[in-house]
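The primary structure of each chain is shown beneath.
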Amino acid sequence: MAAPGVAIRGQRSLLKQIREALASGGPAQARLDMVVRIIARSMVAEVCSLYMRRAAAGDLELFATEGLDPKAVHVTRLKPGEGLVGEIMRQGRPLNLADAPEHPAFSYRPETGEDPYHAFLGVPLLRGGRAIGVLVVQNRTARVYTEDEVEDLQIVAMVLAEMVASGELISQDELKGVELAPRRPERLKGSRFADGLAYGVAVLHEPPVAPSQLLSDDVAAEEARLKTAVAGLQTQIDQMLEGQAGLIEASFEVLETYRMFAHDRGWNRSLEDAVRNGLTAEAAVERVRSEHRARLGQARDPYLRERLHDLEDLNDRLLRHLAGDGHMARELPENAVLIARNLGPADLLEYDRTKLRGLLLEEGSAASHAAIVARALDIPCVGRLPGLRDLVSEGDPVIVDAETAEAYLRPRPDVVKAIQARIDVRAQRRAEFAKLRDTPAFTRDGAKVSLLMNAGLDVDLDILGETGAEGIGLFRTEFQFMVAEEMPRLDAQATLYGRVMDAAGDMPVTFRTLDLGGDKVLPYLEAEREDNPALGWRAIRMGLDRPALLRVQIRALITAAKGRPLRIMFPLVASVEEFRTARALVDHEVAWAQRRGRPAPSRLDVGAMIEAPSVIWHLDALLPMTDFVSVGTNDLMQYLFAADRGNPRVSDRYDPLSPPALRALEQIQRACAETGTPVSVCGEMAGRPLEAFTLVALGFEALSMPPAGVGPVKRMVLSCDREAARRGVSALLKSGAGSVRNEIETLARKIYLAV
Ligand code: PEP
Ligand code: MG
């Protein structure tokens, strides 16, 4: 007798037999019966049964069987989670048991006549990572199925899932009752990554492989395609690693892990096996991917979960190589809402921005690459939506409500109507702000407030003119590094800085030197795991420890300035010594350029960001060394309140509109006024009207904010009486309350109407 499982691996593979059976035509049920018969025979199993999930109650119904009583077909039903089959469905993972009746979840169904069967192997039919049914084989004698058999049955289940979905196996009438994809409206609560509202159709960043692309006719050709793609991937990763030599001392830990996986024999062998069994190269990648997910996805260990991310990324890269170009630019429908587990650097930028309305992420954080880019592109984004990918199918209507940090999947018409109305209101407001574009921002009592824009990518430059901002108050240079696959060299940096200065024309641009570390990690830069990254090796600390990196950047800035004025600012200065050393580096680079006959900036301003509380009590020493300062309230608040800004459990616990925060800000403003040091606020709070109102009341006259904030804040400034605001807010500084937000809101309403 043939060893169990060999049939699928032999010449006439199981998949081939199934395909031949299907080609013979006949009614759907007869074909389905034939398929379970073929599987039973090939697996040398006495029973093979297929259960599908019913849409109505989510019950699992027996759709076909070889070996159990045929009268049970379309009669036996299991509730979700009931019995072994329900358990497989719930977990989305195979169950391999030598003695099924011993299992606590075993549920005996007399109508099926299954008494004598002991060995049991069941696998889920997965579509887009979601179980839509279960395929089971059983044997009379107690035995454990081999790993190869489990693998074989999973491949068959994957193919069956797609065949069912495409209507090849189940009649159209039956298909209506089967839950192939989630249908109920869902409302998920997540975190706001980028503000705004959107209504559109779901586009999956990692779409499931189309059924037509699952099975191959020509194994040799598929093997060759796979080989070429894997070789391409390996070369790409090797090059990424080699590209890093020189500039910095990188440990390459992350890329090394990629390289290790890419060259991993086990991974390659699994892919080759799947192709040899009749799958296309793409289907093989999906197959191996779902196995990794099943294995590592349940892992609690953060290290293992990280590795799963690496593998996911590697699989995506391999699919791109199979698509032929290493890029994934896809045609988008109008009003696309992109759905992804998480996005890697640059992924978002590969999509057509004019059609992308919103972004929903299952994971990520507000400080993740995708979120940062989404904010820069003004694309509403909600993240940390558990189970998102399993609950949404390509083409589903979806709503991104970043105002309430929610996602609606297949929303009911009344929800759509309500959201449309809110979208219209936002659009009207935008149109009003656009009208204010050229109006200078003076308060009613004649105080000028400079409204500047935060930027970091060249896409932001298109918006600069539209917003009516008077310049760029914070250019986050690390964004270029974060969206690149490898360290941008001096000329690439200089090119970007030059473009920014060209686009800004006569308007000032403040370039902040690299603010990496903390939550901003680069795959190609040494990043030792730290217990407290926010308090760790980041920003200017990294720059001073790696002076070559900082020097290259300063050189690129001087080169790009070509004799124009230049403003440079250092992040997270925590001591005067740090600023002194950093400033000396700038002076050194200017002298170096001059020695080589290159033009020095016509005017050079070097500033510090006030983000570390320590310097608040040393401003008398720091300010005279600086040409200007800018308050980074995002970090300043995190350090003042000892609350990680990237951790949603604590980040919103404290209100910047509270006496301690406002007193700190007032102290900074007063010290700057006394020494005549220009000061701005460039944290996110500067872009929110009520917070901006408070900053104006405290005496700040320059605010730098995300582009979308400029209009609303200008409207606030135009209707604000600064003197009255100042009086009201200074009285609140003495309050004993934890937050004075409500009081400030009342005050603001008294002074002007549009908060
Ligand atoms: C800040 O901390 O307020 C700031 C503007 O810098 P970033 O958000 O980039 O840390
Ligand atoms: Mg900061």
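What counts and what doesn't
Residues numbered from 1 in each chain as written. Chains lettered and ligands numbered in written order. Predicted model: local features only at pLDDT ≥ 70, side-chain atom pairs only at ≥ 80, totals over all residues. Heavy atoms only, no water. Pairing = 2+ DSSP bridges. Helix = DSSP H or I, 4+ residues; strand = E, 2+ residues; numbered from the N terminus. Axes fitted to C-alpha atoms, helices over the stretch in contact; angles between N-to-C directions. Contact = heavy atoms within 4.5 Å. Buried < 20%, exposed > 50% of the residue type's maximum accessible area, 1.4 Å probe, protein only. Donors = N, O, S within 2.8 Å, 3.2 Å for Na, K, Ca; no water. Arc of directions from axis to C-beta. Phe/Tyr/Trp six-rings, centres within 6.5 Å; stacked < 30°, edge-to-face > 60°. Lys NZ or Arg CZ within 6 Å of the ring centre and 35° of its normal. Near = heavy atom within 4 Å. Polar contact = N/O pair within 3.5 Å; in protein donor to acceptor, adjacent residues only side chain to side chain. Areas by Shrake-Rupley, 256 points an atom, 1.4 Å probe, with all protein chains shown as cover. Domains from an automatic or database assignment. Parallel < 35°, antiparallel > 145°, perpendicular 65-115°, else oblique. Left-handed = near helix turned anticlockwise from the far one by under 90°. Nonpolar A, V, L, I, M, F, W, Y, C, P; charged D, E, K, R; others polar.

A. Region of interest: the sheet that holds strand E10 (residues 336-340). As summarised here, the arrangement of the eight strands in space is E7-E14-E13-E9-E10-E11-E12-E8, forming an open sheet in which the pairing is mixed. Bordering the open sheet on either side are strand E7 (186-189) and strand E8 (191-194), each of which pairs with just one other strand. Across the sheet, the mean angle from the axis of one strand to that of its neighbour is 30°, orientation sign disregarded. In the packing of helix H14 (residues 413-435) onto the sheet, the strands contacted are strand E9 (197-204), strand E13 (397-401) and strand E14 (406-409), and the crossing angle to E9 comes to about 120°.

B. Representation of the pairing of E10 within the structure. Here E10 lies mainly inside the structure; five of its five residues are buried. Of the two faces of E10, both are covered, the one formed by Ala 336, Leu 338 and Ala 340 as well as the one formed by Val 337 and Ile 339. Bridge count between E9 and E10: four bridges; the pairing is parallel. Note on E10: the bridge partner recorded for Val 203 is Leu 338. Relative to strand E11 (residues 356-361), E10 runs parallel, the two being bridged by five bridges. Looking across to E11, one finds that Val 337 is bridged to Gly 358.

C. Inspection of the coordination of the magnesium ion (ligand 2) at higher detail. At this site the magnesium ion (ligand 2) is bound by Glu 611 (OE) and Asp 635 (OD), with donor distances of 2.0 Å. With Glu 611 in the loop between strand E19 (604-610) and helix H21 (619-622) and Asp 635 in helix H22 (residues 633-640), this residue pair connects regions lying 24 residues apart in the sequence. By relative accessible area, which is 2% here, Glu 611 ends up buried. With a relative accessible area of 2%, Asp 635 lands in the buried category.

D. View of helix H27 (residues 741-751). Three or more residues of H27 are buried, namely Ile 744, Leu 747, Ala 748 and Ile 751. Viewed along the axis of H27, the buried residues span an arc of 100°, placing them on a single side of the element. Exposed residues pointing more than 90 degrees away from the buried face of H27 are listed as Asn 742 and Lys 750. Residues of H27 that are buried in the fold lie against helix H23 (659-675), helix H24 (689-697) and helix H26 (722-732).

E. Inspection of the packing of aromatic side chains at higher detail. Summed over all chains, the structure comprises four aromatic pairs. An aromatic cluster is present here, built from Phe 475, Tyr 497 and Phe 511 joined pairwise through their rings. Against the face of Trp 592 rests Arg 555, its NZ or CZ located 3.6 Å from the ring centre. Positioned above the aromatic ring of Phe 628, the side-chain terminus of Arg 567 is 4.1 Å from the ring centre.

F. Examining the sheet that holds strand E3 (residues 77-78) more closely. Strand order across the open sheet formed by six strands is E3-E2-E1-E6-E5-E4, with antiparallel pairing between neighbours. Two strands close off the open sheet at either side, each with one partner strand: E3 and strand E4 (95-97). Against the sheet, helix H4 (residues 83-91) engages strand E1 (47-53), strand E2 (60-66), E3, E4, strand E5 (119-127) and strand E6 (130-139), with an angle of about 140° to E6. Across the sheet, helix H5 (residues 147-165) is in contact with E1, E4, E5 and E6; its angle to E5 comes to roughly 40°.

G. Examining the site of ligand 1 more closely. Close contacts around ligand 1 come from 14 residues, with Arg 476, Arg 512, Glu 611, Asn 634 and Arg 645 the closest. Contacts to ligand 1 include Thr 633, whose backbone N or O atom sits 3.1 Å from an oxygen atom. The fraction of the free accessible surface of ligand 1 (280 Å²) that becomes covered by protein chains is 99%. Listing elements by their share of the shell around ligand 1, those giving two or more residues are strand E16 (472-476) and H22. Broken down by element, the residue count for the shell around ligand 1 peaks at three residues, all from H22. Both of domain 4 (436-470 + 633-681 + 683-755) and domain 5 (472-564 + 574-607) provide at least three residues apiece to the shell around ligand 1.

H. Region of the structure containing the side chain of Glu 362. Inspection of the secondary structure puts Glu 362 in the loop between E11 and helix H12 (369-377). Here Glu 362 is in contact with Ala 340, Arg 341, Arg 384, Leu 385, Pro 386, Gly 387, Leu 388 and Arg 389, once residues within four sequence places are set aside.

I. A look at the packing of helix H19 (residues 547-561) against helix H20 (residues 576-595). Put simply, H19 and H20 touch, their axes get as near as 10 Å, and they point 55° apart. Classed by the angle they form, the pair H19 and H20 counts as oblique. You can see that H19 and H20 cross each other, and the crossing is right-handed. Residue-level inspection shows Leu 550, Arg 551, Ile 554, Arg 555 and Ile 558 of H19 in contact with H20, the latter providing Leu 585, Val 586, Glu 589, Val 590, Trp 592 and Ala 593. Residue composition of the contact of H19 with H20, by class: eight nonpolar, no polar and three charged.

J. Molecular detail of the packing of H26 against H27. It is the contact of H26 with H27, at a shortest axis distance of 10 Å, that shows an interaxial angle of 165°. The angle between the axes of H26 and H27 places the two elements in the roughly antiparallel class. For the crossing formed where H26 meets H27, the hand is right-handed. Of the residues in H27, those in contact with Ala 724, Ala 725, Gly 728, Val 729 and Leu 732 of H26 are Glu 743, Ile 744, Leu 747 and Ile 751. Class assignment for the residues of the contact of H26 with H27 results in seven nonpolar, one polar and one charged.

K. Highlighting the side chain of Lys 355. Relative to the assigned elements, Lys 355 resides in the loop between E10 and E11. Judged by relative accessible area, which is 16%, Lys 355 ranks as buried. Other than its neighbours up to four places away in sequence, Lys 355 contacts Glu 331, Leu 332, Pro 333, Glu 334, Asn 335 and Ala 336.

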